[in-house]
Amino acid sequence: MKMHYYRYENAEVSCCYKYLMFSYNIVFWLAGAAFIAIGFWAWSEKGVLLDLTLVTRMHGFDPVWLVMLVGTVTFVLGFAGCVGALRENICLLKFFSGVIGFIFFLELTAAVLALVFQEPLREWISEFFLANVKAYRDDIDLQNLIDSLQKLNHCCGSKDPNDWNLNVYFNCTQSNPSREKCGVPFSCCISDPADAVVNTQCGYDIRVSGSLDKWSSIIYTKGCISALEEWFPRNIYIVAGVFIVISLLQMVGIFLARTLIGDIEKVKCNYY
């Protein structure tokens, strides 16, 4: 009796792609958890967790919201990628690849719109900056963000130092009782590298008299919008490099997820 042997090709999920996917996402999962923890810590320091109405009282942008948003999205995607890879869960992997693809599409759309509508974007950024100049003293994180922006870019205000007239502490009205009246924040001051201690009162009364030309030896007179417009062309290769790296990471994540989904579906078809 002649025996016939048939060789069946058994489909299986690639362990290589599976653990690459897990390793890829565990970093983002942990980073997302760290961002969320930092956000809650920042809110607890400001008393927001004890009094949630503090969030609605603020008229400017709270940087903690951005930290929490990035942390939450990163945490959720990292969780979906890790668990989806380990449990070979198609739903989680499809969710992961779909959201990553959607984010990539939003990035491309934002880049194209920024190039096409440069003037409206410039006006929006200027209005956004002025709104936060008004709220400078409302939130310590916002205050530190504006100070960092002005110090790093050697600028003051949105268009010029007179934009600080919009803030109740720095405006030049007769009824203003603030000691900072007609001044600017210390981050507008031209700092001396030899100074060991920061002079936080260097901007007091600077706008009481004189003009931008006379102030130029004491404070930065260039607006931050102009400074950012000058910074971008000088650092276009850095910006493009960061965008390319982020895009490549997203493409790698989508590739790993789709490859795992294909392997899992082949195994299920073979089983049934």
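In this text the structure is predicted, and so the values were computed from the model without any measurement.

How each quantity is defined
Residues numbered from 1 in each chain as written. Predicted model: local features only at pLDDT ≥ 70, side-chain atom pairs only at ≥ 80, totals over all residues. Heavy atoms only, no water. Disulfide = S-S within 2.5 Å. Helix = DSSP H or I, 4+ residues; strand = E, 2+ residues; numbered from the N terminus. Buried < 20%, exposed > 50% of the residue type's maximum accessible area, 1.4 Å probe, protein only. Phe/Tyr/Trp six-rings, centres within 6.5 Å; stacked < 30°, edge-to-face > 60°. Arc of directions from axis to C-beta.

Caption draft 1: Up close: the state of the cysteines. Scanning the entire structure with this criterion turns up four disulfides. The residue that forms a disulfide with cysteine 172 is cysteine 182, at a sulfur-sulfur distance of 1.9 Å. Between cysteine 172 and cysteine 182 the disulfide shows an S-S torsion of about 140°. By sign, it is right-handed. With cysteine 172 in the loop between helix 6 (140-153) and helix 7 (212-215) and cysteine 182 in the loop between helix 6 and helix 7, this pair connects stretches of sequence that are 10 residues apart. Here cysteine 172 falls in the partly exposed class, since its relative accessible area comes to 25%. Cysteine 182 gets classed as buried once you look at its relative accessible area, which sits at 8%. For the protein chain, numbering the cysteines in disulfides from first to last along the sequence yields the connectivity 1-8, 2-5, 3-4, 6-7. Cysteine cysteine 15 shares no disulfide, and the gap to the nearest cysteine sulfur, in cysteine 16, comes to 8.8 Å.

Caption draft 2: Expanded view of the packing of aromatic side chains. In this structure the tally under the stated criterion is 11 aromatic pairs. Ring centres of tryptophan 29 and phenylalanine 79 lie 5.4 Å apart, and the angle between their planes is 80°; on these two criteria the pair is classed as edge-to-face. Remark: phenylalanine 79 occurs in helix 3 (residues 63-86) and tryptophan 29 occurs in helix 1 (residues 15-46); sequence separation between them is 50 residues. A residue is classified by how much of its surface remains accessible, and tryptophan 29, at 22% relative accessible area, is partly exposed.

Caption draft 3: Representation of helix 8 (residues 224-234). Looking at helix 8, one finds that the buried residues are Cys224, Ile225 and Ala227. Down the axis of helix 8, the buried side of the element spans an arc of 155°, and every buried residue falls inside it.

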